[in-house]
Amino acid sequence: MNELKKILLDSIRANGPMPLDAYMALALGDGSHGYYTRQDPFGSKGDFITAPEVSQVFGELLGLWGLDFWLRGNRAEDFNLVELGPGRGTLMRDMLAAAAIRPEFGRAARLHFLETSPVLRKAQNRALSGTGAKAHWHESEHKLLEACKGAPVIAYANEFFDALPIRQYVQKEGRWRMRHVQAEDARLVPVDIPTEIEEELPPATGYDDGDILETCPAGELIMSELAGYIAAYGGGLLIVDYGYAKQAPGDTFQAIADHAPVSPFDRPGDADLTAHVNFERLSSIARDGGCLSFGPVSQRGFLTALGLEERFRVLEQKADARQKNDLAAARRRLTGPDQMGLLFKALAVTDKHSPEPAGFETTGQNA
Ligand code: SAH
């Protein structure tokens, strides 16, 4: 049994069942044994491959998205280029490379990263080493926004919100019960118990017995703070992640270890834990915070609108046969309807005076 599982079993035996979000936070972020604290989980050797690791085209298009937003806006000479959960730093490196066609953008940008993992902070530092850019790291969105000092932001979050701890509520006999983690012999198992925690949930009577509703208080807080900042000081936020466009009941809590699905309660700290992002909720929080929201649109639709086909065609012209195969595979991975193309979605949030962000022409602004 791994160390973190022992610690969690002891703590639950001493203090009683642990809410699911507390469990997820420790499994991913525990200072010594958490999944992100211990390792670099990305790439073909790691547990999963994210879009920036699939192809440079992803980062290039997102970089041009920000550059375009800045150029059509007021071209602030001092703004904050923010990334939440930058992983290996690949996305930021590729974004800066593409945006370098207008050097004044890079000169005006101050880089801020929200990152808790020491291993990944090092990787991010390495990724930026050739770019001349210097990042400032922060542990909480609150501290990050303080450091932004009232200047506008252009912010990105790719596969960040899916890693934030969720709560689950299970409908039983017309009432919501909150999912906890319980110790049963040497095993961690879910248990649903009536709860004192007051969250705004829809009436349980509208749901069937056994239906599961998920909330993500940590993600909602981050969105609300960022939206408040953007409404006050200007800018935009782009979220790309997998999730649902409309809130619906369902259990999306999942674990991946060594490329394969495992039980989320089996090997805390060894497995990546995620849940689908509720875009409807994030978008409504942004609007409540005084911002406009655009999308969500599919990753396929978004990247295609930004010029994905054209960019791949240019790369193919310079490629040999093997590279052509790799490029075709990467393009399929990013946009294939059975791969990342439809499950992954893009949502943008801006202040009310900025130009409309690129890539959302088909859906326009949300009311
Ligand atoms: N954006 C990257 C990595 C996605 S994985 C990519 O697309 O490749 C999630 C990232 O968020 C990791 O960098 C992880 O360390 C970070 N992270 C997860 N939970 C966090 C939290 N609560 N606060 C800050 N960073 C967090």
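You'll find the structure just up there.
Residues numbered from 1 in each chain as written. Predicted model: local features only at pLDDT ≥ 70, side-chain atom pairs only at ≥ 80, totals over all residues. Heavy atoms only, no water.

(A) Region of the structure containing the overall build of the chain. If you tally the helices and strands in the chain, you get 14 helices and 17 strands. What you see for the chain is a C-alpha radius of gyration of 21 Å, in line with the 21 Å of a compact globule of 367 residues. For the chain, restricting intrachain contacts to residue pairs at least 6 apart in sequence, the fraction spanning at least 24 positions comes to 78%. Only carbon and sulfur atoms are counted for the fraction: they give 49% of the accessible area of the chain, which is about 16600 Å². (Helix = DSSP H or I, 4+ residues; strand = E, 2+ residues; numbered from the N terminus. Rg over C-alpha atoms; globule rule 2.2 N^0.38 Å. Contact = heavy atoms within 4.5 Å. Areas by Shrake-Rupley, 256 points an atom, 1.4 Å probe, with all protein chains shown as cover.)

(B) Here's a closer look at the pattern of salt bridges. Scanning all chains against the criterion turns up 18 salt bridges. For Arg267, the salt bridge identified is with Asp258, shortest N-O distance 3.6 Å. Through salt bridges with shared partners, one network takes in Asp258, Arg267 and Asp270. (Salt bridge = Lys/Arg side-chain N within 4 Å of Asp/Glu carboxyl O.)

(C) Fine view of the site of the ligand. Around the ligand, the structure places 17 residues, and the nearest of them are Thr50, Gly85, Gly87, Glu115 and Asn158. The backbone of Gly85 places a nitrogen or oxygen atom 2.7 Å from a nitrogen atom of the ligand. A total of 570 Å² of accessible area belongs to the ligand in isolation, and the protein chains cover 90% of it. Split by residue class, the shell around the ligand holds eight nonpolar, six polar and three charged. (Near = heavy atom within 4 Å. Polar contact = N/O pair within 3.5 Å; in protein donor to acceptor, adjacent residues only side chain to side chain. Nonpolar A, V, L, I, M, F, W, Y, C, P; charged D, E, K, R; others polar.)

(D) Structural view of the side chain of Glu316. Note on placement: Glu316 falls in helix α13 (residues 308-317). A relative accessible area of 18% means that Glu316 is categorised as buried. At 2.8 Å, the side chain of Glu316 forms a polar contact with the side chain of Arg331. Not counting chain neighbours up to four residues away, the residues in contact with Glu316 comprise Lys324, Leu327 and Arg331. (Buried < 20%, exposed > 50% of the residue type's maximum accessible area, 1.4 Å probe, protein only.)

(E) Focus on the nonpolar core. In terms of nonpolar packing, the biggest core is built from 56 residues, with Tyr23, Leu84, Phe161, Met223 and Ile239 touching the most fellow members. When residues of this core are assigned to their parent elements, the largest contribution, six residues, is made by helix α10 (residues 217-233). Not counting chain neighbours up to four residues away, the residues in contact with Ile239 comprise Ala157, Phe161, Met223, Phe279, Leu282, Lys345, Ala346 and Leu347. (Core = buried A, V, L, I, M, F, W, Y, C linked by side-chain atoms within 4.5 Å.)

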